[in-house]
Amino acid sequence: MKARDLLYETASALDANRGRSLLTILGIVIGIGAVIAMTALISGIKQSLVGDLGLDQARMVEMYLLLDRQTSFDDYNNLVDYMPEYETLTIMAYGSGKATSATKSVDVSVLGVLPNYPDVMGTKLTQGAFITPEDEEAGSLVVLLDQSAVRNLFGNQNESVVGKSVQVGDATYAIIGVVESSASREGGRIYMPYSTCAARITGTWSFDSMSGLAASDVDMSTIEKTTKSKLGAYFGIKEEDVEDSFYVYTMQSMLDELNATMAAFQILMTSVAGISLLVGGIGIMNMMLTNVTERIREIGLRKALGARSSDITKQFLLESVCLCISGGIIGIIFGYLGAYALAGLAGSSITQAISTGETKLVPVIDIRAVAFAAGICILIGAVFGYYPARQAAKLDPVESLHYQ
Amino acid sequence: MLPVIDIKKVHRIYESAAGYTHALKGVSLQVQRGEFLCIMGPSGSGKSTLMNILGCLDTPTSGTFLLEGVDVSQLTDDELAELRATRLGFVFQSFNLLPRATVLRNVMLPLIYSDCPVPEREVRAVKALASVSLPADYYDHRSNELSGGQMQRVAIARALVNDPAVILADEPTGNLDSATGEMVLKTFRRLRDAGKTIVLITHDPEVSEWADRTVHIRDGKLFTDEQERALVAAHPGTRSHT
Ligand SMILES: Nc1ncnc2c1ncn2[C@@H]1O[C@H](COP(=O)(O)OP(=O)(O)OP(=O)(O)O)[C@@H](O)[C@H]1O
Ligand SMILES: [Mg+2]
């Protein structure tokens, strides 16, 4: 029996039972749909995290110092030399204040940053230029606004503001650029030279957070540990206290955290999928047994006309596998549609919960997930179709020809 | 010349919950190439049992069966299936066509089990259908749209399509009225004239008149026409057929 004959027989048998076949594959559709929707969403979330930040950002490490003592700018300079595994290392100072333009006034957060800040954070400008080393050296009264701040202070985030001025606290600053803001913040954010911030906003040179870009030959899986121990050694922290004295975040640890959050969701969807697939498989088996009983005479005839037992087995097995595969195809389609619907529905809240970005969550169509789903379908079809197919093949031709 | 069918001392004993049934008691029979043989006997005499053995659907409890000189008892299940696909053609009382499939598809059905190349299939099916005189307009009809006589001719075409050594027909006219039955028998007759070997089972003496030779089966034993006549003459009470 040739493959195309088998396919023809399968197609015509399934076509003859179209209504029943559709009902039977529902379990498979739901099971596969759940698997696909789940993987598409999870990969989408990961993608929006990693992809959005770019490749470099995968090498970004954030460090928070929970120390009893103050730090100084010298500490920063020393740490740059002390931790050569970082290509670039930068510090930030956080403050806040009231910003006032010619027309409006709003509460903003103020970030004191070094000129190398964009190299680490991947900051993009929509207008003007970033803080220069000269600005930092001189403690110039210059600021960059983020788009939210521009909107809040000047009405429109695309307003050309370079050259205009803004008052923060008791000083007036010249605006030298606008930073693209990934999220819409309450009041907005203002960037100024670290030295200016220390002198006028925070009143101290002490810093408690650093960000670094690891050199490209550094192993990201161990950098969290080595960074902690180096910081511990530099600041003279007792070994047992090192763990609680620093927070070190890498993209990797963020992904790990995300995976942990996703695990519950994953377990839920996997059990839904597993149960539907099991029930679906049993449904398929039931339908195939009914098929065999209904077609006993046909089986007897085929045997009389020269079909071998293996031909009959193949025919019924292929029928059940094709049934499952068609369920799988429908399930894959519905799974992706469902994932898009869910992404639209819950996407913004999910991404906001896990990142600062207002990035759109786009489900990822993963060829491996599709292949996995197809494999599962073939497996279920074969496993649950085997028994009915063997029953069919074992039928005695004489008896089945006279079956009423 | 080598007989197409050569069975010797074949016994078939059925074992069932109700006990043993000795359906064939030492049957010996030879069928020559090109012969149209009729096997006649009353109900329950063992006709279908014999036919199933000749068709390699069943195996004798004892005795030998040579089909074209090949000892069938030595063959595996798959080899028997191949024999059925290529050397045997069946015609059943109840036609046994696939109801939803077209006439052409029904006739081509045995070809998928005999590894016939795809392009050749339709040619063969059309040839077989032509030799049972089914008009070409019907080829694309679904088989359940045909009359009984047409169905049986499609079934004969299906039996012919692999050019088998022998066509086995179990009561092929049993479900047909006498005029349609006659048309079917004419078809067999024409096939015989074209050199086919046919074994036909019936309990109707009129049907047996179309055959070259008739053997009688009674309670699992075979008798020639002459023996049968002598038997009936010796026991005037017995009717030769039911
Ligand atoms: N599968 C079986 N199991 C047990 N006994 C059987 C079986 N098939 C047939 N028999 C018995 O064998 C005997 C011969 O049966 P068979 O079917 O060959 O008769 P037949 O000549 O074809 O009759 P009919 O003209 O009614 O078709 C009968 O007594 C029948 O009851
Ligand atoms: Mg019978």
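Residues numbered from 1 in each chain as written. Chains lettered and ligands numbered in written order. Predicted model: local features only at pLDDT ≥ 70, side-chain atom pairs only at ≥ 80, totals over all residues. Heavy atoms only, no water.

## Structural notes on the packing of aromatic side chains
- All chains considered together, the criterion is met by 13 aromatic pairs over all chains.
- Seen in terms of ring centroids, Y117 of chain A and Y191 of chain A are 5.8 Å apart; in terms of plane orientation they differ by 55 degrees. Their pairing is tilted. Of this pair, Y117 of chain A sits in helix α5 (residues 117-121) while Y191 of chain A sits in strand β8 (residues 189-193), and the two are 74 residues apart along the sequence. Of the two residues examined, Y117 of chain A and Y191 of chain A, each falls in the buried class.
- With 6.3 Å between their ring centres and 45 degrees between their planes, F36 of chain B and F188 of chain B make a pair best called tilted. You can see F36 of chain B sitting in strand β3 (residues 36-40) and its partner F188 of chain B sitting in helix α6 (residues 178-193), a full 152 residues away along the chain. Comparing F36 of chain B with F188 of chain B, the two get one shared label, buried.
- Clustering of aromatic rings is evident, with ring pairs tying together F73, Y76, Y194 and W205 of chain A.
- In this structure, K230 of chain A packs its charged tip against the face of Y82 of chain A, placed 5.6 Å from the ring centre. (Phe/Tyr/Trp six-rings, centres within 6.5 Å; stacked < 30°, edge-to-face > 60°. Helix = DSSP H or I, 4+ residues; strand = E, 2+ residues; numbered from the N terminus. Buried < 20%, exposed > 50% of the residue type's maximum accessible area, 1.4 Å probe, protein only. Lys NZ or Arg CZ within 6 Å of the ring centre and 35° of its normal.)

## Some thoughts on the interface of chain B and chain A
- Taken together, the contacts link 24 residues of chain B with 22 residues of chain A.
- The interface formed by chain B and chain A includes two salt bridges.
- In this structure, R105 of chain B and E9 of chain A form a salt bridge, with 2.7 Å as the shortest nitrogen-oxygen distance.
- Counting across the chain B and chain A interface gives seven residue pairs in polar contact (both at pLDDT 80 or more).
- Going through the elements one at a time, α2 (77-86), α3 (103-112) and α4 (118-131) of chain B are the ones with two or more residues in the side of chain B that touches chain A.
- Grouping the amino acids of the side of chain B that touches chain A by side-chain chemistry returns 13 nonpolar, three polar and eight charged. (Contact = heavy atoms within 4.5 Å. Salt bridge = Lys/Arg side-chain N within 4 Å of Asp/Glu carboxyl O. Polar contact = N/O pair within 3.5 Å; in protein donor to acceptor, adjacent residues only side chain to side chain. Nonpolar A, V, L, I, M, F, W, Y, C, P; charged D, E, K, R; others polar.)

## Remarks on the site of ligand 1
Residues and elements named next belong to chain B.
- Looking at ligand 1, the residues that line it are Y14, T21, A23, P42, S43, G44, S45, G46, K47, S48, T49 and E171.
- Contact distances for ligand 1 include 2.5 Å between an oxygen atom and a side-chain N or O atom of T49.
- Protein chains bury 62% of the 640 Å² of accessible surface belonging to ligand 1 in isolation.
- Counting only elements with at least two residues in the shell around ligand 1, the list comes to β2 (19-31) and α1 (47-54).
- Top contributing element to the shell around ligand 1 by residue count: α1, with three residues.
- Tallied by class, the residues present in the shell around ligand 1 amount to three nonpolar, seven polar and two charged. (Near = heavy atom within 4 Å. Areas by Shrake-Rupley, 256 points an atom, 1.4 Å probe, with all protein chains shown as cover.)

## Observations regarding the pairing of strand β1 (residues 5-16) of chain B
All names here are of chain B.
- Looking at chain direction, β1 and strand β4 (residues 62-67) are connected through five bridges and run antiparallel. Of the residues in β4, the one forming a bridge with H11 is S62.
- Pairing between β1 and β2: 10 bridges, direction antiparallel. The residue of β2 that forms the bridge with I13 is H22. (Pairing = 2+ DSSP bridges.)

## What to know about the domain arrangement of chain A
- The domain architecture assigned to chain A consists of domain 1 (3-54 + 255-401) and domain 2 (60-219).
- Each of domain 1 of chain A and domain 2 of chain A has a C-alpha centre, and these two points are 53 Å apart. (Domains from an automatic or database assignment.)

## Observations regarding α3 of chain B
- Judged by how many residues are buried, α3 of chain B sits mostly within the fold: 10 of 10 residues are covered.
- Within the span of α3 of chain B, buried status applies to V103, L104, R105, N106, V107, M108, L109, P110, L111 and I112 of chain B.
- Here the buried face of α3 of chain B lies against α1 (3-16) and α12 (296-304) of chain A together with α4 and α5 (148-160) of chain B.

## Some remarks on the pairing of strand β5 (residues 142-146) of chain A
All names here are of chain A.
- Within β5, five of the five residues are buried, which leaves the element mostly enclosed by the surrounding structure.
- A two-sided burial pattern is seen for β5, the buried positions comprising V142, L144 and D146 on one face and V143 and L145 on the other.
- Relative to strand β7 (residues 171-179), β5 runs parallel, the two sharing five bridges. Its bridge partner being in β7, L145 is matched across the sheet by V178.

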